[in-house]
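Fold and geometry: a report
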Amino acid sequence: MQTKIHRWLLAATLFTSSLLLFLIQPMVAKILVPKLGGAAGVWSYCLLFFQTTLLLGYLYSFGMRRYIPPKTQVLIHIFLCCLAIFAPISFGNFSKLDSASFGTSFLQVFAPLTLPLVLIASLSTLFQSWIIDQNRFNTGSKHSPYLLYVISNLACLLALGGYLVFGGLSSLHVQWDLWVSTYQGLMIITACIACYQFFRWKEHTKSEPYFRNNKVPIESCTEPKQQKKWALAVLAESAVPAALLCALSTYLTTWTASIPTMWLIPLSLYLIAYMLAFSNLNPLPGLIEKAWPTAASIAVIVYILGHKVPAPIVLTVHLSAFFLICMGLHKQVYRSRPLSDNKQDGQESKLSFYYLLIAIGSVAGSLLATLVAPHIFDSFYEVPAASVLARLVYNPIHKKNHKVPAQVKTQLKWVPLYLFGVWLWVSFNKSDLNIAIDNLSYIIWLPLLLALAFRRPKPILIAATGYFLLLSHQLWQEKTLFHDRSLYAPISVKQVDSQMRELVNGETIHGRQNLSDLRTPLSYYHRKSGMGLFLKRFGPELKDIAMVGLGVGTISTYLEKGQSITYFEIDPEIISLAQKENLFTFVSDAEKRGVHNELVLGDARLSLESWQKPFDSLLLDAFQSSSIPVHLMTREALAIYDRQINAGGVLLFHISNKYLDFESVLAAHGRGMNWPTYILRTGKFGPGMDPASWVAMIKPAKHKSIKTYQDKLDWFDKNWKACLLYT
């Protein structure tokens, strides 16, 4: 009876610890998003931080089980639990957060949380090792320790889902106080469990020589070579899903919206795959092995097509392929587990080493996707690259009847022939190289898709050589003047032709300039767009304007001497590009005309909150690639804008998006604030003039400003349409 109660107590404590461990992620992200302008990369850093603390926890557990006698292990853990109960817990100084050196400042801010999270993370492997000890104490007991791992992942999943639903019902301060109280209670219960384990060990010290050993040797598979292969396999099989998790989360939030839902769905699928794999459930035997290579190939095709594919299809294909990949590789990790046979000495040390390998692989994959890939790839190529790596790592041979795939052999003789074909293709299409390159890109990707489906080396080699040839030729043809990948998105300045230069953020054009007519506004700000019509009619009356999102500074072209504009921009790379006269001249030319341009680095919501002088109008175009930072469109944000614009002033939102439509959101805000709200959607009017959707919200005016306010209402009623609450 005591043993049964002990097992249930272990399970409940582990459930609570996992709940606390995962709740900290969305809480941290909720703090970071307003500080860093809703950057999609924030969640990847949160995942990396969490997995690093998990690795430290597993390392602590492994060191304890590997090198320290059992009774001493418990005494050390009891001491650390007591220390954690009375030690103060807090975040670091948030003023240190800086987008320019985000990785370093991130660690400085959250370093104080490391010890509590490491102690919580270590409970999983420690408790599973104690389950094995229980099997030793009770002859004939064969309770699998891996059930605790399933419980741990279930708690993590419930924590994410619960926070998504109920996280907004209380302030972050209240959530943090509740988290600390629960954590201190958890440490008390953990210390009690450790005391019970200590006395159980003491009873069995004389009868079991195992419990008197100073350390336990790691059981070898059979030979050192097999041990090394086993370790490398577990590392690779845990690294690829973690890398794909970080890469896919950043990719999807960049192209849609940086909101918790888009972060938590991939992580939930990742956890569900772990739960199903480690619970040894296989509802569709053999189907995953057959289905996921095809799903991964389709996901790569969807990635290539980009914005040509509707958003629901993009999300469905990518998330389905991701789940199937995780299921396949997590099952391989589970098949590589140490058997929980209570007759095998050293099994619990092998167990802690096994979980340590999983943690190392997960951190390595997250590091590659979060820190390394942005410096290697100029776009989100880590998403298809991770799918290719998954196909190469995946080995479906776990049954006798499965066929062995062909051995990988490099056949260099095919490379010259393929390069010759590429050269012929480009040579015969010199008249329009851009179309030739676009068509060639699909030919390049075709062998890669075949490699995904059939795991053959020849297409992989061909795709790799062709891709690098294509990349170098495309960079030369388009004359990329600048390229970098910041925390927010990949950024490029391209000379499209002899007259047109454009700023590309991710895959979205964020500004253009015609070199033969430098003052003509283009892109979403042309004279027939909602922004252009508004500034043409009311621009001369506006003395002090605020613009959220700099782009290339196109708005400055509408202003004349004596007017002032303040740009709020989160990305320092964008500010640097807009000020370089050899790239774009809107800002510098406006200053020469006597326009006062002020550039403010930082998140616009935080900067405006502390701004002293109100503006005549506030314009918002704060895209990060295709993603709109939704924290700039909340009720709290609108309340800040209300304080920072004069009566009769206009809030102008750019909401063009291929995936989401924010018309009804702003209409609801307008109704709640009693502000007249209008929308104007314009099509493509000519070269460089993109379709655009602008929403205008007019702040009601009284007394002296009533005539100006009425003039604006009459003009908007005549030229724009009222925003609809439901579209």
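Keep in mind that this is a model prediction, so the values were computed, not measured.

Summing up its helical and strand segments, the chain has 23 helices and 12 strands in all. By the burial criterion, 56% of the 727 residues in the chain qualify as buried. Considering only intrachain contacts with a sequence separation of at least 6, the fraction spanning at least 24 residues in the chain is 76%. When the accessible area of the chain is evaluated, it comes to approximately 31,700 Å², of which 63% is carbon and sulfur surface.

Turning next to the pairing of strand 10 (residues 677–682). For strand 10, a buried count of five out of six residues is recorded, marking the element as mostly surrounded by other parts of the structure. Pairing between strand 10 and strand 11 (residues 692–698): six bridges, direction antiparallel. Residue pairing across strands places T677 opposite M697, the latter belonging to strand 11.

A few words now on helix 22 (residues 663–673). Those residues of helix 22 not exposed but buried are E663, L666, A667, H669 and G670. The buried residues of helix 22 occupy an angular sector of 160° when the element is viewed end-on, so they sit on one face. Opposite the packed face of helix 22, turned more than 90 degrees from it, sit the exposed residues R671 and G672. On the buried face of helix 22, the contacting elements are helix 21 (635–644), strand 9 (645–654), strand 10, strand 11 and strand 12 (721–722). Within two residues after helix 22, N674 carries a phi angle of roughly 60°, on the positive side.

This next bit is on the packing of aromatic side chains. Ring pairs (aromatic) are described by centroid distance and by the angle formed between their planes. By the definition in use, this model includes 25 aromatic pairs. Taken together, a centroid distance of 5.6 Å and an interplanar angle of 10° make the contact between W179 and Y183 stacked. In this pair, W179 and Y183 are both assigned in helix 7 (residues 172–204), four residues apart and thus about one turn of the helix distant. Judged by its relative accessible area of 2%, W179 falls in the buried class. Ring pairs connect the aromatic residues Y58, F62, W230, F353, Y354 and Y355, which therefore count as one cluster. Note that K712 overlies the ring of F538, its terminal NZ or CZ placed 5.8 Å from the centroid.

The next point concerns the sheet that holds strand 12. Across the sheet, eight strands lie side by side as 7-6-5-8-9-11-10-12; this open sheet has mixed pairing. Where the open sheet ends on each side, the last strands, each with one partner, are strand 7 (596–601) and strand 12. Bridge count between strand 10 and strand 12: two bridges; the pairing is antiparallel. Each bridged residue has a counterpart across the sheet, and for I679 the counterpart in strand 12 is K721.

Attention now moves to the environment of L113. Along the polypeptide, L113 turns up in the loop between helix 4 (102–110) and helix 5 (114–137). In this structure L113 comes out as buried when scored by relative accessible area, which is 1%.

So, on to the environment of V393. Locating V393 in the fold gives a position in helix 13 (residues 382–393). Distance in space between the C-alpha atoms of V393 and Q332 is 9.9 Å, their sequence separation being 61 residues. For V393, the residues in contact, after removing those within four places along its chain, are A236, E237, V240, L329 and Q332.

Ranked by size, the top nonpolar core spans 112 residues in total, and within it W179, Y183, M187, L267, Y270, F278 and I358 carry the most contacts. By residue number, the principal contributor to this core is helix 8 (residues 224–255), which donates 14 residues. When sequence neighbours within four positions are dropped, the list of residues in contact with M187 reads C81, A84, I85, L119 and I120. Residues M547, I565, I574 and Y709 belong to the second largest nonpolar core, which totals 45 residues.

You will see that S523, though not glycine, has its phi angle at about 60°, which is positive. Assignment of secondary structure puts S523 in the loop between strand 4 (508–514) and helix 17 (530–538). Even without being glycine, N674 reaches a positive phi, approximately 60°. Note that N674 resides in the loop between helix 22 and strand 10.

Turning our eyes to something else, we now look at the side chain of T585. If you trace the backbone, T585 turns up in the loop between helix 18 (572–578) and helix 19 (586–592). Reaching out from T585, the side chain makes a polar contact with the side chain of Q513 at a distance of 2.8 Å. Ignoring anything within four residues of it in the chain, the contact list for T585 reads Q513 and L518.

Quick look at the sheet that holds strand 2 (residues 490–495) now. Sheet architecture is open: four strands sit in the order 1-2-3-4, paired in antiparallel fashion. Pairing within the sheet leaves two strands with one partner each, and these edge strands are strand 1 (480–485) and strand 4. Neighbour to neighbour, the strand axes of the sheet diverge by 10° on average, direction disregarded. Across six bridges, strand 3 (residues 500–505) lies against strand 4 in antiparallel orientation. Paired with N505 across the two strands is T508, which belongs to strand 4.

Bringing the pattern of salt bridges into the picture now. Scanning the model with the defined rule gives eight salt bridges in all. Note that D690 is salt-bridged to R512, the shortest N-O span being 2.5 Å. Of this pair, D690 sits in the loop between strand 10 and strand 11 while R512 sits in strand 4, placing them 178 residues apart in sequence. Note on D690: relative accessible area 10%, which makes it buried. Put simply, K592 and E581 hold a salt bridge, and the shortest N to O gap is 3.5 Å. Of this pair, K592 sits in helix 19 while E581 sits in the loop between helix 18 and helix 19, and the two are 11 residues apart along the sequence. On the basis of relative accessibility, which here comes to 45%, the residue E581 falls in the partly exposed class. Bridged by salt links that share partners, the residues E502, R512 and D690 form one connected network.

Attention shifts here to the pairing of strand 9. Of all 10 residues that make up strand 9, eight are buried, and the element is covered over most of its length. Both strand 9 and strand 11 contribute to a ladder of five bridges, which runs antiparallel. Along strand 11, the bridge assignment pairs V650 with I698.

Bringing the environment of F278 into the picture now. In this fold, F278 is placed in helix 9 (residues 260–278). With 59 residues separating them in the primary sequence, F278 and R337 have C-alpha atoms 9.5 Å apart.

For any two helices packed against each other, the geometry comes down to the angle between their axes and how far apart the axes lie. One can describe the packing of helix 11 (residues 311–335) onto helix 13 by two numbers: an axis separation of 11 Å at closest approach and a directional angle of 35°. Remark: the crossing between helix 11 and helix 13 carries left-handed chirality. When helix 11 is examined against helix 13, the residues H318, I325, L329 and Q332 are found in contact with a partner set consisting of V383, S387, A390 and V393. Its residues assigned to classes, the contact of helix 11 with helix 13 comprises five nonpolar, three polar and no charged.

The rules behind the values
Counting of residues starts from 1 at the beginning of each chain's written sequence and follows it residue by residue. Per-residue local features are limited, in this predicted model, to residues with pLDDT of at least 70; the limit for side-chain atom pairs, both in listing and counting, is 80 or more; totals at the level of whole chains, interfaces and linings are taken over all residues. Excluded from the side-chain calculation are hydrogens and water; included are all heavy atoms of the structure. The helix count covers DSSP runs of H or I at least four residues long, the strand count covers runs of E at least two residues long, and both are numbered beginning at the N terminus. Only protein chains enter the calculation, and the probe is 1.4 Å; a residue is then buried if its accessible area is under 20% of its type maximum, exposed if over 50%, and partly exposed in between. Here, two residues are considered to be in contact whenever any of their heavy atoms come within 4.5 Å of each other. For accessible areas, the Shrake-Rupley method is used with a probe of radius 1.4 Å. Any residue's cover is judged against the shown protein chains and nothing else. Pairing between strands is defined by DSSP: at least two bridges between the two strands are required. Picture the helix axis, draw a direction to every C-beta atom, and the arc is the one those directions span. Stacked, tilted and edge-to-face pairs are distinguished by plane angle, under 30 degrees for stacked and over 60 for edge-to-face with tilted covering the rest, among Phe, Tyr and Trp rings (Trp via its six-membered ring) whose centres lie within 6.5 Å. Two thresholds decide whether a charge sits over a ring: the Lys NZ or Arg CZ must be within 6 Å of the ring centre and within 35 degrees of the ring normal. Side-chain atoms within 4.5 Å link the members of a nonpolar core, which is a set of buried Ala, Val, Leu, Ile, Met, Phe, Trp, Tyr and Cys residues. Counting of polar contacts relies on pairs of N or O atoms within 3.5 Å, with two restrictions inside protein: one atom must be capable of donating a hydrogen and the other of accepting it, and residues adjacent in sequence are counted only when both atoms are side-chain atoms. Here, axes are lines fitted to C-alpha atoms. For helices the fit covers the stretch in contact, and angles between N-to-C directions go from 0 to 180 degrees. Whenever Lys or Arg places a side-chain nitrogen within 4 Å of a carboxyl oxygen from Asp or Glu, that contact is recorded as a salt bridge. A crossing counts as left-handed when the near helix is turned anticlockwise from the far one by less than a right angle, and as right-handed when that turn is clockwise. Gly counts as polar in this scheme, as do all residues outside two lists: the nonpolar Ala, Val, Leu, Ile, Met, Phe, Trp, Tyr, Cys and Pro, and the charged Asp, Glu, Lys and Arg.

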